[in-house]
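Structural overview
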Amino acid sequence: SFCVSILTITLISVSVLTFFYQEIWFNNSTRRMVMEKDIVIVTNNSYVINEYDNTINIEGEYLDVLYKVRDLTHLGYSLVTHPLAASIRMFYSPVRSVVMKKGFSERSIEIIENSIEKYINTMGVRKPDYRNGEDYCTLDAVLLKEGIEN
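This structure is a prediction, so every number in the text was calculated from the model and none was measured.

Checked against the element boundaries, Thr73 lands in helix α3 (residues 62–74). Residues Thr73 and Ile111, spaced 38 residues apart in sequence, show a C-alpha to C-alpha distance of 9.9 Å. In this view, Thr73 contacts Met100, Phe104, Ser108, Ile109 and Ile112; residues no more than four positions away in its chain are not counted. Within the structure, the side chain of Thr73 is placed 2.6 Å from the backbone oxygen of Arg70, a separation counted as a polar contact.

Attention now goes to the sheet that holds strand β3 (residues 39–43). Read across the open sheet, the 4 strands follow the order β4-β3-β6-β5; overall the sheet is mixed. Edge positions in the sheet fall to β4 (55–57) and β5 (77–79), since each of these pairs with one other strand and no more. Direction aside, the axes of adjacent strands within the sheet are offset by 35 degrees on average. In the sheet, β3 pairs with strand β6 (residues 97–102) via 5 bridges, with the strands oriented antiparallel. Counterpart to Ile39 in the pairing with β6 is Lys101.

Despite not being glycine, Asn54 has its phi angle at roughly 60 degrees, a positive value. Residue placement: Asn54 occurs in the loop between α2 (46–51) and β4.

The next point concerns the packing of α3 against helix α4 (residues 106–123). Two numbers describe how α3 lies on α4: the axes approach to 9 Å, and their chain directions differ by 160 degrees. In terms of axis orientation, α3 runs roughly antiparallel to α4. Every pair of crossing elements has a handedness; the one defined by α3 and α4 is left-handed. When α3 is examined against α4, the residues Tyr62, Leu63, Leu66, Tyr67, Val69, Arg70, Thr73 and His74 are found in contact with a partner set consisting of Ser108, Ile109, Ile112, Glu113, Ser115, Ile116, Tyr119 and Ile120.

Moving on, we get to α3. Quick reminder: α-helices carry 3.6 residues per turn. Residues three or four places apart thus point the same way. With 13 residues, α3 extends 19 Å from end C-alpha to end C-alpha; this agrees with the ideal 18 Å at 1.5 Å per step. Tucked into the core, α3 has its buried residues touching β3, β4, β5, β6 and α4. Where α3 terminates, the next one or two residues include Gly76, which has phi positive at roughly 105 degrees.

About the thresholds
Along each chain, residues carry numbers from 1 onward, in the same order as the chain's sequence is written. In keeping with the predicted nature of the model, local features appear solely for residues at pLDDT of at least 70, side-chain atom pairs appear and are counted solely at 80 or more, and the whole-chain, interface and lining totals rest on all residues. To get the side-chain values, all heavy atoms of the structure are used, and hydrogens and water are removed first. By definition, any uninterrupted DSSP run of H or I lasting at least four residues is a helix, any uninterrupted run of E lasting at least two residues is a strand, and each is numbered from the N terminus. Any two residues whose heavy atoms approach within 4.5 Å at even a single point are treated as in contact. Polar contacts here mean pairs of N or O atoms no more than 3.5 Å apart (in protein, one a potential hydrogen donor and the other a potential acceptor; neighbouring residues in sequence count only if both atoms are side-chain atoms). We call two strands paired when DSSP finds no fewer than two bridges between them. Structural elements are reduced to axes, namely lines fitted to C-alpha atoms, with helices fitted over the stretch in contact, and the angle between N-to-C directions of any two is expressed from 0 to 180 degrees. Angular relationships are summarised with four words: roughly parallel below 35 degrees, roughly antiparallel beyond 145, roughly perpendicular across 65 to 115, and oblique for the angles in between. Definitions for this section: a left-handed crossing has its near helix turned counterclockwise from the far helix by less than a right angle. A right-handed crossing has that turn clockwise. What a helix is expected to span follows from its residue count: subtract one and scale by 1.5 Å.

Any functional reading would require information that these geometric values do not contain.
Dropping the structure here:
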């Protein structure tokens, strides 16, 4: 029931990825999603890393993913998906995946800087929910996949 309620709440954010579908195809020989070179997924989710090419594997937590996304925006990448989760409960997730593409965007820099501040302020002294870590990995991967396929 935990997965179902979080999935229901966060499916709204899935539509953000629909326009990005044309740049991704499925490689039947490797059973992995293959993306154009200018698209990248920044993630600390092993499920996503095993499923997609063009991932940047972050050894760390949600905040570490946000810091890497910020660094990439300053190097000329822009956000395709929002760096924050659509529901407050997903803030407790220890994993996060963010899709980016090549191309500078001042708005992306503003969004990621504000997102880092909001994440830190919202989490405060709270800790990520490692007890449900596998569920969060599944949710993150499902939301990403649904957004890409729809």
